[in-house]
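Commentary on secondary and tertiary structure
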Amino acid sequence: MKEIEKQYEKWVYPKPIEDMEEFITKTGGTILSNMQFYWGLFFPEKRFNKKLDVLIAGCGTNQAIEISLSNPEWNIQAIDLSDTSIDFVKKQIKKYNLKNLFIEKKDILKINYNAKFDLVISTGVIHHTQNPKKTLEKLIHSVKKDGALYIMVYATYLRQGIYYLQNIFKYLNIEQNEEGVEFVKDYIDNVIPKTHYAYRYIDGSAQLKRESDLYYDSGIVDTYLNKVDNAYSVRDLEELLSNSGGFFQNWINNVYFYPYTFLDEKRLNSPLYKNIDHLSQFEVGDLTQNTIINAGKLDFIIRKQKKFENIWHNIDDINDETFIRKRISVNLTNDPISKKNNVGGSVYSSESKYRNNFNIIERLTWHAIMSESDEESRGIILSEAFEGTKGLLKDNHLNYNLNQNDFKIIIHKFWKLGIIILQKNGSP
Ligand SMILES: C[S@@+](CC[C@H](N)C(=O)[O-])C[C@H]1O[C@@H](n2cnc3c(N)ncnc32)[C@H](O)[C@@H]1O
């Protein structure tokens, strides 16, 4: 623990953002700055509630400030081990006069909050602890019976090459100092081949690009010279969660964990692919990442109640009353209701940088969801979307008799693509 504390005191991470208001305005912030849109990912059974008791465990430099500025009615407790990060957060609390954020130095392993919080956020932290299982249990213990946890851990898939590099730097006894950082930069730029697995991460990690971690010293220490760093496959995560007191609810973005990204409809419906339908959410997620290898982290929600386990993975959980909300930053190419061009379109999500092709029925379904989703609620009840799609099929003179079950399959596909969020009982 001391090692990690020392590391994050000297090598402050992430890079401190001085002007957080400007950052949120410019980038739109993270999902935690846009809770009215993403609420269903956290609490699919509940109506949107502005007032929450929240714990941010291992808040680092910026996360607590961003969340506190974006959610003025939340009551937020933040903890971290690094005095440097805590001092920066305290300075920002003063600067923005934040009344809803309290921060203190505390080790997660030593917390004793008993069912105190509605939401516990811990991203990029437990894989840096000596005992991730115990750390996770402490966090789960802190959440109320109907509360939720938002957790992010490193994923093995995209990071494979990073662990090869970490091994090398351990063999060579490279230390966390300026000399060590220069050594790492030179090794990556000039020694490893350009085909090294690490380049998948370096080139593929949006976060690395955004923060230019490769040329930011603390980022280099965090990535290549970290004292404690354990990544998880989806199956390792299943193991981590077993007997933890919490249940896996859903991924933050399904697009990385369902096979629509690489299998077309024809293959998916052919016999040798059929077993996919019988796989658990973990199995299908692992299969997907073993194929596309583009996840460097696993972002997901845990609940304390089993009744929310793997919600929506099973299509039977979707019914007429299910509320459908589009995720932000998704665009449809092609004129959505064009009659003369009765072909599908494609949907592009800048969040995942993934383009998916639609057939005509999917295009009209997407349009029915979009057109009914006003900016305020951005959502529609499934039965209404179904009627809307049937109407559009008729307007386009398409002689296609869409039944409710096939419609649900389309909705489920949209969910698996991470372009919609589902909520229970028509509750926006
Ligand atoms: C990679 S940073 C992530 C920061 C932040 N959650 C984010 O997403 O930007 C990890 C942070 O967790 C803190 N940390 C690591 N182990 C901890 C522990 N056992 N208890 C509290 N904080 C811890 C570190 O000091 C560091 O600030």
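Owing to the predicted nature of the structure, the values given are computational and were not obtained by experimental measurement. (Residues numbered from 1 in each chain as written. Predicted model: local features only at pLDDT ≥ 70, side-chain atom pairs only at ≥ 80, totals over all residues.)

Tyr 8, Gly 58, Gly 60, Ile 108 and Gly 124 are the nearest of the 23 residues found near the ligand. Breaking the shell around the ligand down by element, the ones donating at least two residues are α1 (2-10) and β2 (75-80). Per-class residue counts for the shell around the ligand are ten nonpolar, ten polar and three charged. (Near = placed C-beta within 6 Å. Helix = DSSP H or I, 4+ residues; strand = E, 2+ residues; numbered from the N terminus. Nonpolar A, V, L, I, M, F, W, Y, C, P; charged D, E, K, R; others polar.)

Okay, the domain arrangement of the chain next. How big an interface is tends to be stated in terms of the accessible area lost upon association of its parts. Partitioning the chain into structural domains gives domain 1 (2-156 + 230-308), domain 2 (157-224) and domain 3 (315-426). With 15 residues of domain 1 in contact, the opposing surface of domain 2 contributes 16 residues. Here the side of domain 1 that touches domain 2 is built from residues that sort into nine nonpolar, five polar and one charged. (Domains from an automatic or database assignment. Contact = placed C-beta atoms within 7 Å.)

Quick look at the sheet that holds strand β3 (residues 101-105) now. The sheet built from seven strands is open, its strands ordered β3-β2-β1-β4-β5-β7-β6 with mixed pairing. Every interior strand has two partners, whereas the edge strands, β3 and β6 (247-251), have only one. Between one strand axis and the next, the sheet turns through 20° on average, direction left out of account. Pairing analysis gives six bridges linking strand β4 (residues 117-123) to strand β5 (residues 143-154), with the strands arranged parallel. Across the sheet, residue Val 120 finds its bridge partner in β5, namely Leu 149. Sitting on the sheet, helix α5 (residues 83-96) is in contact with β2 and β3, with an inclination near 160° to β3. (Pairing = 2+ DSSP bridges. Axes fitted to C-alpha atoms, helices over the stretch in contact; angles between N-to-C directions.)

Ile 56, Ala 64, Ala 78, Val 120, Leu 149 and Ile 324 are the most contacted members of the largest nonpolar core, which totals 103 residues. Per-element accounting of this core gives the leading share, seven residues, to β5. For Ala 78, the residues in contact, after removing those within four places along its chain, are Ile 56, Cys 59, Ala 64, Val 89, Leu 101 and Ile 103. (Core = buried A, V, L, I, M, F, W, Y, C linked by C-beta atoms within 7 Å. Buried ≥ 20, exposed ≤ 12 C-beta atoms within 10 Å, placed from the backbone.)

The next subject is the packing of helix α8 (residues 178-191) against helix α11 (residues 217-224). Interaxial distance between α8 and α11 falls to 10 Å at its minimum, and their mutual angle equals 75°. By the angle between their directions, the pair α8 and α11 is classed as roughly perpendicular. Residues Val 181, Val 184 and Lys 185 of α8 form the contact with α11, whose own contacting residues are Asp 217, Ile 220, Val 221 and Tyr 224. (Parallel < 35°, antiparallel > 145°, perpendicular 65-115°, else oblique.)

Below, the discussion takes up the confidence of the model for the chain. For the chain, mean pLDDT is 90; residues scoring 70 or higher make up 93% of the total. This model gives residues 206-211 a pLDDT under 50, and the stretch forms seven contacts once residues within four places in sequence are excluded. (pLDDT = per-residue confidence, 0-100.)

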